[in-house]
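# Remarks on the overall topology
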Protein chains: 2
Amino acid sequence: MPISTSLTRRELLKAIGLTAGATAMYHAMTALGHAQESPFPGPPVLSPAKPGARVLILGAGLAGLLAAYELRKSGYEVEILEYQNRPGGRNWTLRNGDVYTELGGATQKIAFAEGNYFNPGPWRIPHHHRAVLHYCKALGVPLEAFNQFNHNAYLHSTEAFGGKPQRLREVWSDMQGNLTELLAKAVNENQMDLPMGADERDQLLQALQGWGLLDADYRYRSSLHTAVRRGYDQMPGGGRVGPPTPGPLLDLHDLLHPTVWQRLNSQLVYNAQPTMFQPVGGMDQISRGFMRALPDLPVRYNARVTRIDQTERQVSVTYEDTQDGKATQVSADWCICTLPLTVLGQMPVQASQAMLSAIRAVPYSSYTKVALEFRRRFWEEDDAIYGGTSVTNQEIELISYPSDRFMSDGPAVLLSAYTTGVKGSLNLTRMTPEERIEAALSQGEKIHPQYRKEYLSGASVAWHRVPWMLGCRARWTEDKRQMHYKTLATLDGRIALAGDHVSYMPGWMEGALLSSLDAITQLHQRAQEA
Amino acid sequence: MPISTSLTRRELLKAIGLTAGATAMYHAMTALGHAQESPFPGPPVLSPAKPGARVLILGAGLAGLLAAYELRKSGYEVEILEYQNRPGGRNWTLRNGDVYTELGGATQKIAFAEGNYFNPGPWRIPHHHRAVLHYCKALGVPLEAFNQFNHNAYLHSTEAFGGKPQRLREVWSDMQGNLTELLAKAVNENQMDLPMGADERDQLLQALQGWGLLDADYRYRSSLHTAVRRGYDQMPGGGRVGPPTPGPLLDLHDLLHPTVWQRLNSQLVYNAQPTMFQPVGGMDQISRGFMRALPDLPVRYNARVTRIDQTERQVSVTYEDTQDGKATQVSADWCICTLPLTVLGQMPVQASQAMLSAIRAVPYSSYTKVALEFRRRFWEEDDAIYGGTSVTNQEIELISYPSDRFMSDGPAVLLSAYTTGVKGSLNLTRMTPEERIEAALSQGEKIHPQYRKEYLSGASVAWHRVPWMLGCRARWTEDKRQMHYKTLATLDGRIALAGDHVSYMPGWMEGALLSSLDAITQLHQRAQEA
């Protein structure tokens, strides 16, 4: 069903609900199908700004750049203050020659082959992140498919299968087959009360047989029938070869271990379902696209914001030049502040008490990523894995294979750790960059024995040690949402907050863009009234 | 586990089996992991051919072209006879301006926009088709990812959901959730004998809860918990929006309908699992790649083979020029015959009685494909479907969305029918090309109401009406394999058959290549002995 109808489904349902009651509305919902509502209605159409209206934007990440882009179109004068010496924020790509110094002083100089890169921040775009896709197209940022779920990648658990990695297709197929067989057994032996009649019971059994690839006796067996889904031992061939043969099934005991289904589940979520995208050449192509579209945008780099004041007529922001330590105050009519709450919470801000509480209420997650460059694409050449993700219960959590330049020769980079668990992440954060690489190597070689032999160099970003972030993403809880979210998302005097932390999808670029769109909408509305 | 080890796993297991018996072998299998054996050991390394040895190749499809490529490398003189006026056979792409006349006389002139194309034959390359991938790389044929399974595409059944298309992710997630809930119910209420102890019973319940996204009461419910897999009604947003909301679940009654799980299953097979590939620009780039690598290859086009004779010393093939009707006989030392059995079975062939029986034993499937070009990518713009496949129980069976040039403007082509069912395929085969387009439109618009409005032009290929094929692919049965396969795959005097019909994967290019490799291996061995 198309998403774009003249009357939105939501509006139509509301109208039906108001006039004909809930039952009619439910029937209408069923009749209309359940097209999802996208929270991105298209780019904002702002009326012309008041002449000379000035907006100061704090932070040149995606939320800040989008605000500059849309506000300028409507005629605002905008200026950005940015702590770093580059735009993009977490929309960030490390390449050969880049230098990065983390809190604590450790400095890494990236030594990857030409064309190779590492996205320490966002690294993929779900197909339902309509705002990101819209702006990539508008800005001329070429996208390519990003493959997250690959049935041929590995699932590894130190607690199952004797610690030997298994292909995801075998784990998934055998899980589905075994559980379906158990249910068919219960149904066939009349061991359960079913919420259905005899006709439907037969249909259920037929469905179980099909869904689980069960045999005539409702058993999930090693056979050419199940091999069609889980893969073969001896593959089908040509010429004078024997018939293909199935491999042995995995053990139910192993499949039921929590580390197995938890890691498999992590790959089956809506946010990881195909088709995902990535910008060709690195995620920072998006911020570069914005910068191309804002050719003479005044951005003050190396500007560390130290306080934010406002009166009824204007906003004043004080910043310190990180090169010479000089403090400067700039003023504007309005301010869009995209600084992370970790940073914003540590400076004086003139805002409502509710806003100040909200800013200090939300802690940040501490994720860590490690990227390793290898001499050749052994995962493709030896293991037939093209893109996608192997998962493990070790601290590295996953290995993500490149979705670009398949089958090419020469070095390639693997995302070799994406550690989101608290314990693992803290552990990796306190390590030196060299120790992180060693951890990624020693855990990764349990999945790919080729690791040591083919290793060239590596890089890591532990987000708690990133000077301008002090964390990776806002960690909202249900309670904190209730208490603080609305405040954080609402224009406070002349200051609007924006960024992925002001969204229901922290850590995603889509959240940053959607929150920014709402912030400029509020700001513009108030500015026109003023 | 890497496939390439110095001693192959199979050899190692055999050695263990011989020395230590079956149990030891089984344990070794478990310890080694179950890496699949690829039937492609790499390109053949042939010793130099005898000077002047000549091979006549019948058919310039992939099997014929590969034979020419490898035999030439070893020093054979090769010549190809080809019925059509172009190389490639079913490795075939139709583009703007191409003209195709089917049996019965109907002629189609393709009128697609520049860059658009339709592959009537093979259209995707599984990652485990190692021979195809190897030769694409060797021949410099650029590949890109082909997306077959897309959770956001539709499942449509005239027998379920009131005929309204549903997103595959919702169907799949709700199927998994509902069946898991049923099993959890049986386990929880102690309604079944489990093949496990109490400890494992708890682990099973925990796994069911995780695998099915069941709630604390082991129920699969509409909730934000299940929305993480199946998608939302109101998507997560940013700024002043409410929290995301889940949509209503699909009805178990509908999910159990055979048309539902059958069509879903069809997308979950090993041959369709990511990452698949396609050549950039159309499947015929592979045959073009072979032709580039064989610059002065003598190919006699428009040559209809009418008989094949052999003596102990040579092979003689008679062909008729399809332009002037003139018959010619050519001779060579050896012959590789890749003609489809449908064609080969209708001419005099001098071969063993067993071979002649085998040639006539195997019928061919009659598949039909329809491609429609539309004004714009409404499936992307309106439905957020980027590549992948929608499925239906109608005769068109599926709609496949392009995996290239995502988000581009201008017309694009959908594979709008791929009919493999006997009834549907015969039905479409007896239609005129115009009627096939109308069938694809009227069935397709049940899934995409935009169809009529955006339609530009179409093309179809019904394989039973293809003059040089008379069918799509060999339809082997277990019995026929037993009786005839080995004969067909074995050099008969001086003639070796090759093609996907001489493989365990009819219809796949990999089968054609593997069979051809075995044919030239046999031929070379015999030629060296002779």
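If you're wondering where the values come from, they're calculated on a predicted model, not measured in any experiment.

Below, the discussion takes up the relation of the copies chain B and chain A. You can overlay chain B on chain A at an RMSD of 0.0 Å; the transform is a turn of 180° with a shift of 0.0 Å along its axis. This pairing of chains is accounted for by a two-fold axis. When the interface residues of chain B are mapped onto chain A, 99% of them again fall at the interface, so both copies present the same face.

Bringing the domain arrangement of chain A into the picture now. Reports of interface size often rely on the accessible area that becomes lost once the parts have come together. On domain assignment, one finds that chain A holds domain 1 (1-34), domain 2 (54-88 + 285-362 + 476-529), domain 3 (99-152 + 274-279 + 365-465) and domain 4 (169-243). Here the C-alpha centroids of domain 2 of chain A and domain 4 of chain A sit 55 Å apart.

Residue and element names in this part refer to chain B. Given a rise of 1.5 Å per residue, 12 residues ought to cover 16 Å, and the 16 Å separating the end C-alpha atoms of helix H16 (residues 478-489) matches this to within 8%. Listing the buried residues of H16 in full gives Arg-481, His-484, Tyr-485, Leu-488 and Ala-489. For H16, the angular spread of the buried residues around the axis is 130°, confining them to a single face. In H16, the exposed residues that point more than 90 degrees away from the buried face are Asp-479, Gln-482, Met-483 and Lys-486. Against the buried residues of H16 lie helix H10 (341-344), helix H11 (353-361), strand E23 (495-497) and helix H17 (509-529).

This part covers the interface of chain B and chain A. Contact with chain B, which involves 113 residues of that partner, is made by 112 residues of chain A. Counting the surface lost from both chain B and chain A, the interface buries some 10000 Å², and carbon and sulfur atoms represent 60% of this. Joining chain B to chain A, the criterion identifies 4 salt bridges. Its salt-bridge partner being Arg-240 of chain B, residue Asp-518 of chain A comes within 2.7 Å of it at the nearest N-O pair. Linking chain B with chain A are 34 residue pairs in polar contact (both at pLDDT 80 or more). Its residues assigned to classes, the side of chain B that touches chain A shows 57 nonpolar, 35 polar and 21 charged.

Turning to the sheet that holds strand E23 (residues 495-497) of chain A, a few remarks are in order. Residue and element names in this part refer to chain A. Strand order in the open sheet made by the 5 strands is E11-E2-E1-E15-E23, with parallel pairing throughout. The sheet is open, and its two borders are formed by strand E11 (299-300) and E23, each paired with just one other strand. Where strand E15 (residues 334-337) meets E23, 3 bridges bridge the pair, whose relative direction is parallel. Looking at the pairing, Cys-335 lines up with Ile-495 of E23.

Regular strands place side chains that alternate from one sheet face to the opposite one. All names here are of chain A. Residues Met-276 and Gln-278 of strand E10 (residues 276-279) are buried on one face, and the alternating residues Phe-277 and Pro-279, pointing to the opposite face, are buried as well. Pairing between strand E5 (residues 143-146) and E10: 4 bridges, direction antiparallel. Its bridge partner being in E10, Leu-143 is matched across the sheet by Pro-279.

A separate point is the sheet that holds E23 of chain B. Residue and element names in this part refer to chain B. Taken together, the 5 strands give an open sheet; going across it, the order is E11-E2-E1-E15-E23, and neighbouring strands pair in parallel fashion. Edge strands, defined here as strands with exactly one partner in the open sheet, are strand E11 (299-300) and E23. Relative to strand E2 (residues 77-81), strand E1 (residues 54-58) runs parallel, the two sharing 5 bridges. By the bridge assignment, Val-55 is partnered in E2 with Val-78.

Moving on to the packing of aromatic side chains. Tallying each qualifying case throughout the model produces 48 aromatic pairs over all chains. Ring geometry for Tyr-270 of chain A against Tyr-232 of chain B: centres 6.1 Å apart, planes inclined by 55°, an arrangement best described as tilted. Here Tyr-270 of chain A is found in the loop between helix H8 (258-266) and E10, whereas its partner Tyr-232 of chain B is found in strand E8 (residues 232-234) on a different chain. What makes Tyr-270 of chain A buried here is its relative accessible area of 1%. Ring geometry for Trp-463 of chain A against Trp-468 of chain A: centres 5.8 Å apart, planes inclined by 90°, an arrangement best described as edge-to-face. Here Trp-463 of chain A and Trp-468 of chain A have matching classes, each one buried.

Cross-referencing UniProt, the feature "domain: Amine oxidase" (unreviewed entry) maps to residues 62-519 of chain A in the present numbering. Secondary structure within residues 62-519 of chain A divides into 33% helix and 21% strand; the distance between the first and last C-alpha atoms comes to 13 Å.

So, about unusual backbone geometry. Along the chain, Pro-274 of chain A connects to Thr-275 of chain A via a cis peptide bond; the corresponding omega equals -5°. Positionally, Thr-275 of chain A belongs in the loop between H8 and E10. With a phi angle near 55°, Asn-302 of chain A is a residue other than glycine that sits in the positive phi range. Inspection of the secondary structure puts Asn-302 of chain A in the loop between E11 and strand E12 (303-310). Positive phi, close to 60°, is recorded for Tyr-218 of chain B, a residue that is not glycine. Within the element layout of this structure, Tyr-218 of chain B appears in the loop between helix H5 (198-211) and helix H6 (224-230).

Within the element layout of this structure, Gln-394 of chain B appears in the loop between strand E18 (388-392) and strand E19 (398-401). Leave out the neighbours within four places in its chain, and Gln-394 of chain B touches His-156, Thr-158, Gln-443 and Lys-446 of chain B.

With that out of the way, let us pick up the pattern of salt bridges. A full pass over the atoms with the stated rule returns 56 salt bridges over all chains. For Arg-405 of chain A, the salt bridge goes to Asp-404 of chain A, with nearest N and O atoms at 3.1 Å. Across the pair Arg-452 of chain B and Glu-438 of chain B runs a salt bridge whose closest N-O atoms are separated by 2.8 Å. With Arg-452 of chain B in helix H15 (residues 451-454) and Glu-438 of chain B in helix H14 (residues 433-444), the pair connects residues that are 14 residues apart, well separated along the chain. With a relative accessible area of 36%, Arg-452 of chain B lands in the partly exposed category. The exposure class of Glu-438 of chain B is partly exposed, given its relative accessible area of 36%.

Quick notes on the rules
Residues numbered from 1 in each chain as written. Chains lettered and ligands numbered in written order. Predicted model: local features only at pLDDT ≥ 70, side-chain atom pairs only at ≥ 80, totals over all residues. Heavy atoms only, no water. Least-squares fit on C-alpha atoms with pLDDT ≥ 70 in both. Contact = heavy atoms within 4.5 Å. Domains from an automatic or database assignment. Helix = DSSP H or I, 4+ residues; strand = E, 2+ residues; numbered from the N terminus. Expected span 1.5 Å × (residues − 1). Buried < 20%, exposed > 50% of the residue type's maximum accessible area, 1.4 Å probe, protein only. Arc of directions from axis to C-beta. Buried area = accessible area lost by both parts, 1.4 Å probe. Salt bridge = Lys/Arg side-chain N within 4 Å of Asp/Glu carboxyl O. Polar contact = N/O pair within 3.5 Å; in protein donor to acceptor, adjacent residues only side chain to side chain. Nonpolar A, V, L, I, M, F, W, Y, C, P; charged D, E, K, R; others polar. Pairing = 2+ DSSP bridges. Phe/Tyr/Trp six-rings, centres within 6.5 Å; stacked < 30°, edge-to-face > 60°. UniProt positions renumbered as here; feature names shortened; annotations may be inferred.

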